[in-house]
Number of protein chains: 2
Amino acid sequence: MDDDLSNPLGPATIDDVAKAAGVSTATVSRALRNHAYVAESTRRKVLAAAEQLSYVVNSNAARLASGQTRTVGLLAPLLTSWYTSEVVAGVEEVFAQARYDLLIGTANPLARERIFRGDARFQQRIDGVILVDVFCSEEGGKQLAKLDTPAIVLGERLRAVTSISVDNARGARMAARHLVDLGHRRIGLIGGHAHTDVVHNVPTERAAGFTAALEAVGIRLPHQYVEDGDFSIEGGRKAMHALMSRTKPPTAVWLMSDEMAFGALHALRELGLVAGSDVSIIGFDDHPASNAFGLTTIRQPVRDIGRLGARLMLDHLDGFGSVMHHPIELTLIDRISCGPPRT
Amino acid sequence: MDDDLSNPLGPATIDDVAKAAGVSTATVSRALRNHAYVAESTRRKVLAAAEQLSYVVNSNAARLASGQTRTVGLLAPLLTSWYTSEVVAGVEEVFAQARYDLLIGTANPLARERIFRGDARFQQRIDGVILVDVFCSEEGGKQLAKLDTPAIVLGERLRAVTSISVDNARGARMAARHLVDLGHRRIGLIGGHAHTDVVHNVPTERAAGFTAALEAVGIRLPHQYVEDGDFSIEGGRKAMHALMSRTKPPTAVWLMSDEMAFGALHALRELGLVAGSDVSIIGFDDHPASNAFGLTTIRQPVRDIGRLGARLMLDHLDGFGSVMHHPIELTLIDRISCGPPRT
DNA sequence: CTGAAAGCGCTTACAG
DNA sequence: CTGAAAGCGCTTACAG
């Protein structure tokens, strides 16, 4: 007699459970998946037997037999960016609860191509795919929509495919107004092309929104006040240096990400200038380190975007043509990197 | 005639390929997996047929038949920490190349328990498991070693199980020496319990190493100069405030992570003190934002740790009892947050 | 509500 | 070097 429940012959199979419960494997299969049309008494017998044998369904067999993978793929160009890892955490949270697996991959150009073309390797292993920060643009969105595999895009709003993003124009407006309200008239903008050379919507929408908001109060955004910061810390630093080298530098700058704003803060320090009094800096994101550095910024709830994306995918997979469209909240977080212009 | 290669009857199976190549499915299976004992001419025929039909092996079927999952699980308590996401990126890079899947999960206490107990649900779906930053300590390590599933621990050095970590004592010594060499005698230490209440090795080793290095040059580290910063930004801030409220505050502080050091920098600013001249701050990690904030720190190559861990796992899985033990390099990165003590 | 049986698409001894 | 065949552990019409 062994106290150990583990079977020396390997884990229990559905046959073992069927035998123990005195029913067929078909019944076990139904009972375990909460199918209708299983007598309550039968279900209890099966559950007890399964419990007793520590039975766990072999997912490979289940997937092969059913044709469903119960896993969704997630692709992102840069797994280590704060935005991406935050989204992933949100997605993972929801999927874990739903007992779905998450298959994570780097969206290098090759993988990207494969996804867009509907490569069988992907289709066969996943029930759906979530693209984070891939910046497919409307064109890519159309291709995605044609796939057999449902796709969801996070971080960019596309017409052709289910996608979630903040209202970029609105965020831009909030940043512009904050600076204008403080009294700034010479205002700069640092955006970027992110991790790809593809033209994409996010920076475009933000730039347009920012320009429009300034124009609405009679302020022009000249070319010399716009720089590409590459959505990186170092890029932000260089771009800020470029702006500050103008004959009449801006007195305030909006950077489309907090990480770029960190670089801008660095540049200011190198120039012996202090943020908030000499030059105003406002970011976008509310990165976890932003508070420590007193960065004024527009917060976007990134983890919520991940959660929402995962739920939309689950709805898709369950056959609900979910039309849910939660508004994603944007909040101005006022810290110490902004102030009225030097007179 | 349709130009589209896709079959309306669904993707090609191994039978289709066998038929097209005029061989048995067994031969197709062998040829495609580069088995020995397949005639070169046969292999070519098979490859051509597979290519022609855009054949892709159904991994669920392969896994069911072979009993191998070709995926490894990765568990971490906090997917969003910089350390973890950096490790994950390194692991992913190596596995993608080896055509292994990565199944990512949050190591909440429940999952943790299941892993340690060898829950069948995990064992059956993965060939191996990598624990990142889980801080199992020697006790947990012993349990892991007993599992049928090979386990690798990253971020902590354990006797009982394959594990990778920097030399914590050495890193501590580097930090201590740097401060001592600058002339500091009143030196503080901020460590923490990380994301768990379990006592774990990393902070313990670092604290011991730091204390020893100071004692070696005749400096005592009193209790009042040691605080718990919880390995978080906010924790670092609070801990720093605590140290600075001492009657005779330390003139220099080592924080066991850059994120805590960000918080310390914040605290200093709140006190109207400037890092590097009023109080010296040194971190550990070299976080991507550290450069922008002038933080002097000890760099550890986190992505390399991920890569190395993945390779060790692959070796394990291939049956090589790899004894490879790359030294993990530690580098002092001197920026502007340290200087000689105020006189 | 339940069971017998086919089938999912591979891999792998075994025999030659 | 190659093939016939069993088997991996489920799910799912189909029939009752």
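Residues numbered from 1 in each chain as written. Chains lettered and ligands numbered in written order. Predicted model: local features only at pLDDT ≥ 70, side-chain atom pairs only at ≥ 80, totals over all residues.

## As for the overall build of chain A
Consideration 1: Within chain A, the secondary structure is distributed over 13 helices and eleven strands.
Consideration 2: Each of the 343 residues in chain A was classed as buried or not, and the buried ones make up 48%.
Consideration 3: Sequence-distant contacts, at least 24 apart, represent 70% of the contacts inside chain A between residues at least 6 apart. (Helix = DSSP H or I, 4+ residues; strand = E, 2+ residues; numbered from the N terminus. Buried ≥ 20, exposed ≤ 12 C-beta atoms within 10 Å, placed from the backbone. Contact = placed C-beta atoms within 7 Å.)

## Side note on the protein's contact with DNA strand D
Consideration 1: Surveying the vicinity of DNA strand D reveals 27 residues, the closest of which are Ile14(A), Ala26(A), Ser29(A), Ala65(A) and Thr42(B).
Consideration 2: Those elements that place two or more of their residues in the surface near DNA strand D are α2 (25–32) and α4 (59–66) of chain A together with α2 (25–32) and α4 (59–66) of chain B.
Consideration 3: Here the surface near DNA strand D takes five residues from α4(A), the largest share from any one element.
Consideration 4: Among the residues forming the surface near DNA strand D, the class breakdown is 15 nonpolar, ten polar and two charged. (Near = placed C-beta within 6 Å. Nonpolar A, V, L, I, M, F, W, Y, C, P; charged D, E, K, R; others polar.)

## Considering the nonpolar core
Consideration 1: The biggest cluster of nonpolar side chains holds 80 residues, and the ones touching the most others in it are Ala264(A), Ile281(A), Val253(B), Ala264(B) and Ile281(B).
Consideration 2: Sequence-distant contacts of Ile281(B), defined by excluding residues within four places in its chain, comprise Val253(B), Leu255(B), Ala261(B), Ala264(B), Leu265(B), Ala275(B), Leu295(B), Ser337(B) and Cys338(B).
Consideration 3: Judged by nonpolar contacts, the second largest core, of 73 residues, contains Phe95(A), Ala310(A), Val132(B) and Ile152(B). (Core = buried A, V, L, I, M, F, W, Y, C linked by C-beta atoms within 7 Å.)

## Observations concerning the relation of the copies chain B and chain A
Consideration 1: Superposing chain B onto chain A takes a rotation of 180° plus a shift of 0.0 Å along the axis, which leaves an RMSD of 0.1 Å. With respect to symmetry, the two chain copies, as superposed, fit the operation of a two-fold axis. Of the C-alpha atoms belonging to chain B, the one lying closest to the rotation axis is found on Asn60(B), 2.5 Å away.
Consideration 2: In this assembly the copies share their binding face: 100% of the residues contributing to the interface of chain B also contribute to that of chain A. (Least-squares fit on C-alpha atoms with pLDDT ≥ 70 in both.)

## Comments concerning the protein's contact with DNA strand C
Consideration 1: Close contacts around DNA strand C come from 27 residues, with Thr42(A), Ile14(B), Ala26(B), Ser29(B) and Ala65(B) the closest.
Consideration 2: Of all the secondary-structure elements, those providing two or more residues to the surface near DNA strand C are α2 and α4 of chain A together with α2 and α4 of chain B.
Consideration 3: With five residues, the single largest contributor to the surface near DNA strand C is α4(B).
Consideration 4: Taken together, the residues of the surface near DNA strand C sort by class into 15 nonpolar, ten polar and two charged.

## Here's the deal with the interface of chain B and chain A
A common way to express how large an interface is: the accessible area buried when the components associate.
Consideration 1: With 37 residues of chain B at the interface, the matching set in chain A holds 37 residues.
Consideration 2: Elements supplying a minimum of two residues to the side of chain B that touches chain A: α4, α5 (82–97), β2 (101–106), α7 (120–123), α11 (233–244) and α12 (258–270) of chain B.
Consideration 3: Each residue belonging to the side of chain B that touches chain A can be placed in one class, and the counts come to 19 nonpolar, eleven polar and seven charged.

## Examining the packing of helix α11 (residues 233–244) of chain A against helix α12 (residues 258–270) of chain A
Residues and elements named next belong to chain A.
Consideration 1: Where α11 contacts α12, the axes come no closer than 6 Å and their chain directions differ by 50°. By the angle between their axes, α11 is oblique relative to α12. Considering how the two elements wind past one another, α11 and α12 form a crossing that is right-handed. Taking contact as the criterion, the partners of Ile 233, Glu 234, Gly 235, Gly 236, Arg 237, Met 240, His 241 and Met 244 in α11 are, on α12, Glu 259, Met 260, Ala 261, Phe 262, Gly 263, Ala 264, His 266, Ala 267 and Leu 268.
Consideration 2: A breakdown of the residues in the contact of α11 with α12 according to their chemical character gives nine nonpolar, five polar and three charged. (Axes fitted to C-alpha atoms, helices over the stretch in contact; angles between N-to-C directions. Parallel < 35°, antiparallel > 145°, perpendicular 65-115°, else oblique. Left-handed = near helix turned anticlockwise from the far one by under 90°.)

## Quick notes on the sheet that holds strand β8 (residues 252–255) of chain A
Residues and elements named next belong to chain A.
Consideration 1: Within the open sheet, the four strands sit side by side as β7-β6-β8-β9. Their pairing is parallel. What marks the edges here is a single partner per strand, and that holds for β7 (226–228) and β9 (280–282). The mean angle between the axes of side-by-side strands here comes to 20°, regardless of whether they run parallel or antiparallel.
Consideration 2: In this structure, β8 lies alongside β9, joined through three bridges in parallel fashion. The residue bridging Trp 254 from the neighbouring strand is Ile 282, located in β9.
Consideration 3: In the packing of α12 onto the sheet, the strands contacted are β6 (187–191), β8 and β9, and the crossing angle to β8 comes to about 145°. (Pairing = 2+ DSSP bridges.)

## Side note on the pairing of strand β4 (residues 151–154) of chain A
Along any regular strand, the residues point their side chains to alternate faces of the sheet.
All names here are of chain A.
Consideration 1: Residues Ala 151 and Val 153 point to one face of β4 and Ile 152 and Leu 154 to the other, with burial holding for every one of them.
Consideration 2: In this structure, strand β3 (residues 128–132) lies alongside β4, joined through four bridges in parallel fashion. Across the sheet, Ile 130 pairs through a bridge with Ile 152, a residue of β4.
Consideration 3: Looking at chain direction, β4 and strand β5 (residues 163–164) are connected through two bridges and run parallel. Residue pairing across strands places Val 153 opposite Ser 163, the latter belonging to β5.

## Digging into the environment of Gly309(A)
Residue and element names in this part refer to chain A.
Consideration 1: With respect to the helices and strands, the residue Gly 309 is situated in helix α13 (residues 302–317).
Consideration 2: What makes Gly 309 buried here is the crowd of 25 C-beta atoms within 10 Å.
Consideration 3: Through-space distance from the C-alpha of Gly 309 to that of Ala 62 is 26 Å; in sequence the pair is 247 residues apart.
Consideration 4: Beyond its immediate sequence surroundings of up to four residues, Gly 309 is in contact with Val 91, Ile 130, Ile 152, Leu 154 and Ile 164.

## Focus on helix α8 (residues 137–146) of chain B
Consideration 1: Taken together, the buried positions of α8(B) are Gly140(B), Gly141(B) and Leu144(B). Relative to the axis of α8(B), the buried residues are bounded by an arc of 105° and lie together on one face. (Arc of directions from axis to C-beta.)

## A closer look at unusual backbone geometry
All names here are of chain B.
Consideration 1: For Phe 231, which is not glycine, the phi dihedral falls at a positive 55°.
Consideration 2: Residue Phe 231 is classed as buried on the basis of its 24 C-beta neighbours within 10 Å.
Consideration 3: Even without glycine at this site, Asp 285 takes up a positive phi of about 135°.
Consideration 4: With respect to the helices and strands, the residue Asp 285 is situated in the loop between β9 (280–282) and β10 (297–299).

## Remarks on the sheet that holds β9(B)
Residues and elements named next belong to chain B.
Consideration 1: A sheet is described by the order of its strands in space; here four strands give the open sequence β7-β6-β8-β9, paired in parallel fashion. Strands at the two margins of the open sheet, each flanked by one partner only, are β7 (226–228) and β9. Each strand of the sheet is rotated relative to its neighbour by a mean of 20°, with strand direction disregarded.
Consideration 2: Across three bridges, the pairing between strand β6 (residues 187–191) and β7 is parallel. Bridging from a neighbouring strand, Gly 191 pairs with Asp 228 of β7.

## Some points on the pairing of β8(A)
Consideration 1: What you see with β8(A) is no split at all: Ala252(A) and Trp254(A) on one side and Val253(A) and Leu255(A) on the other are buried throughout.
Consideration 2: Handedness of the crossover is the feature at issue here: the chain leaves β8(A), passes through α12(A), returns alongside β9(A), and the resulting connection is right-handed. (Right-handed = clockwise from strand over helix to strand, strands pointing away.)

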